[in-house]
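Summary of structural features
Letter by letter, the chains look like this.
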Amino acid sequence: MTTRQSVTAEALTEAYLDGFAASGVAPSEILDAVLPCTVDTTYFGRSLSRPVFLSYRQIEQLGADLRLLHEALAALPHRIFGGSMTAFARAVGITEAQIELVLRGAPGPASKMSRADMYLDEQGFRVLEMNYGAALGGLDGSVLNKVMVEQPFIGDFVRQHELGYVDPLDGLAATLFDECGLAPGSRPVVALADWPASFETLEQSLYQSAAVLAPYGLQCYPCHVGQLRCADGRVWLGERAIDVVYRLFLMEDLLDPSGPGLIDPVLRAAERGEVALFTPMDADLYGSKGALALLSDEQYRHCYPAGELAGLDRILPWTRMIRPGRVTVAERSVDLFEHALAAQPELIIKPTMMHGGIGVVPGWLTSADEWRQQLEAAMDGPYVLQRRVRPTAEWFPADDGPQQWSLNWAAFFGSLGYGGMYVRGSLDPDQTVNMNTGATGTCCFHPVAGD
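Because the structure is predicted, anything quoted here is derived from the model rather than measured.

About the criteria used
Here the residue numbering is sequential within each chain, running from 1 through the sequence in written order. Local features are withheld for residues below a pLDDT of 70 in this predicted model, meaning they are given only at 70 or higher, and side-chain atom pairs are given and counted only at 80 or more; totals for whole chains, interfaces and linings count all residues. Hydrogen atoms and water are omitted, and side-chain values are computed over all heavy atoms in the structure. Only runs of H or I of at least four residues qualify as helices and only runs of E of at least two qualify as strands under DSSP, and these elements are numbered from the N terminus. For this analysis, a ring pair means two rings from Phe, Tyr or Trp (six-membered ring only for Trp) whose centres lie within 6.5 Å, classed as stacked if their planes differ by under 30 degrees, edge-to-face if by over 60, and tilted for the remaining angles. Only protein chains enter the accessibility calculation, which uses a 1.4 Å probe. A residue is then buried if its area is under 20% of the maximum for its type, exposed if over 50%, and partly exposed in between. Working rule: Lys NZ or Arg CZ, within 6 Å of ring centre, within 35 degrees of ring normal, means a charge sits over the ring. The pairing criterion for strands is at least two bridges between them, as found by DSSP. Taking the helix axis as origin, the arc is that swept by the directions to the C-beta atoms.

Between phenylalanine 278 and the following residue, threonine 279, the backbone shows a cis peptide bond with an omega angle of -5 degrees. Along the chain, the position of threonine 279 falls in the loop between strand E11 (276-278) and helix H11 (283-286). Residues other than glycine seldom take positive phi values, yet aspartate 40 does so here, at roughly 60 degrees. Even without a glycine there, the phi angle at aspartate 232 is positive, about 55 degrees. With respect to the helices and strands, aspartate 232 occurs in the loop between strand E7 (228-231) and strand E8 (234-237).

Turning to the packing of aromatic side chains, a few remarks are in order. Given two aromatic rings, their pairing is described by the distance between the two centres and the angle made by the two planes. Applying the stated rule across the entire model yields 15 aromatic pairs. With a centroid separation of 5.7 Å and 70 degrees between ring planes, the pair formed by tyrosine 43 and tyrosine 422 is classed as edge-to-face. Linking tyrosine 43 in the loop between helix H2 (27-34) and strand E1 (52-53) with tyrosine 422 in strand E20 (residues 417-426), this pair joins segments that are 379 residues apart in sequence. On the basis of relative accessibility, which here comes to 0%, the residue tyrosine 43 falls in the buried class. Measuring from ring centre to ring centre gives 5.8 Å for phenylalanine 125 and tryptophan 409, while their planes differ by 75 degrees; the resulting arrangement is edge-to-face. Of this pair, phenylalanine 125 sits in strand E3 (residues 124-132) while tryptophan 409 sits in strand E19 (residues 403-414); the two residues are 284 residues apart in sequence, bridging distant segments of the chain. The pair phenylalanine 125 / tryptophan 409 is uniform in exposure class, with both members buried. One aromatic cluster in this structure is built from Tyr16, Phe20, Phe53, Phe153 and Phe157. The positively charged end of arginine 240 is found above the aromatic ring belonging to tyrosine 221, 3.8 Å away from the centroid. Its guanidinium or amino end placed over the ring of tryptophan 364, arginine 388 lies 4.1 Å from that ring's centre, counting from NZ or CZ.

Another point: the sheet that holds E1. Sheet architecture is open: 3 strands sit in the order E1-E22-E4, paired in mixed fashion. Among the strands making up the open sheet, the edge pair consists of E1 and strand E4 (163-164). Note that E1 and strand E22 (residues 444-447) share 2 bridges and pair parallel. Bridge pairing links phenylalanine 53 to phenylalanine 445 in E22.

Attention shifts here to H2. For H2, the complete set of buried residues consists of Pro27, Ile30 and Val34. Buried residues of H2, viewed axially, fall in a sector of 60 degrees; they line one side.

The structure is reproduced here in structure tokens:
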């Protein structure tokens, strides 16, 4: 007998598409209903015409894989660098100017609050990159789950198949309370602290974020880091004493000439225990693509037990820092530069620390001359070379006929484990899938526990 735990994602998708085609509902009717709710959210007013589906087993496996990946990343400084965070920071591409600030602010165990950006191919999920700390767009993604399920056909389908979803905000709130050492019900005062330049454009959306976090017992106040002041053993925003500085600015913001002067007082206060910092600056190190390169690099395989290696090999595509010398590819020793030239259509260059697709060079979209120039410029710099992953496309209804979209699946992880999904799609399978470069989002449903 088929139970909701054993039904596959493919079966759910096929049942949905067949049922929707027979329903007489136009895809544009779905979009007209849901799009108003996506304005001023992480979806930028864009939505695909249906939700996507995963199986119960996929969600369980994903939760285990995310935990394995987090634990492997968190162990990197000790397994490879003898506990030296400075050596770890240099290895993953942090500039010397950033290192001192990154390793300040009373860092402890690596924060669990993260998001894995993945493609799904025939073998399963492949992690393209990890995001930690401030680079976690999509936390408000459940707004689309909620409005999708209000549509009659979608709501009936979700109830009939006993589907549900995980709200990323649940995991965010639980992780913040846990990692900041806050007692349940304590109602901490939280400064949602952005960088001055980006705060000018994001202020209004931060007030919306403060509103959605209020039901979790978090009293949130948007600001930029320059508005915080330290006095009398506390950090203050105006006349409000702050318990937690929720860091929304990125590591690259520290390259701003005013960066050290703005953030240093807050980091000193965190070191004195006068305020909690969520997440500490060092969280961004684990989100570096250079950290994934360390996990993928054959020269460190002796640092991992066989079972852990098998899991990492399954979910991580081949990734290396761009350095002169030899690397192993398919159990063969090759020169990295020569391999990169020969296998150009199957490789992509990525900066280790930038976000939103900035600085990415796909080999399959680049001329041979430009590719060589980009490789030469990246050599010995903060860049990785990664094997291309081809995502499996999914069908979506459209008024003028079905369309195939390539999807980027972004899975959150935190103190509660798997923390929900934020999905983005592109009609062009050759383009990287990113909302900042025109992608369109949707939400995910899956079977929940039960008989």
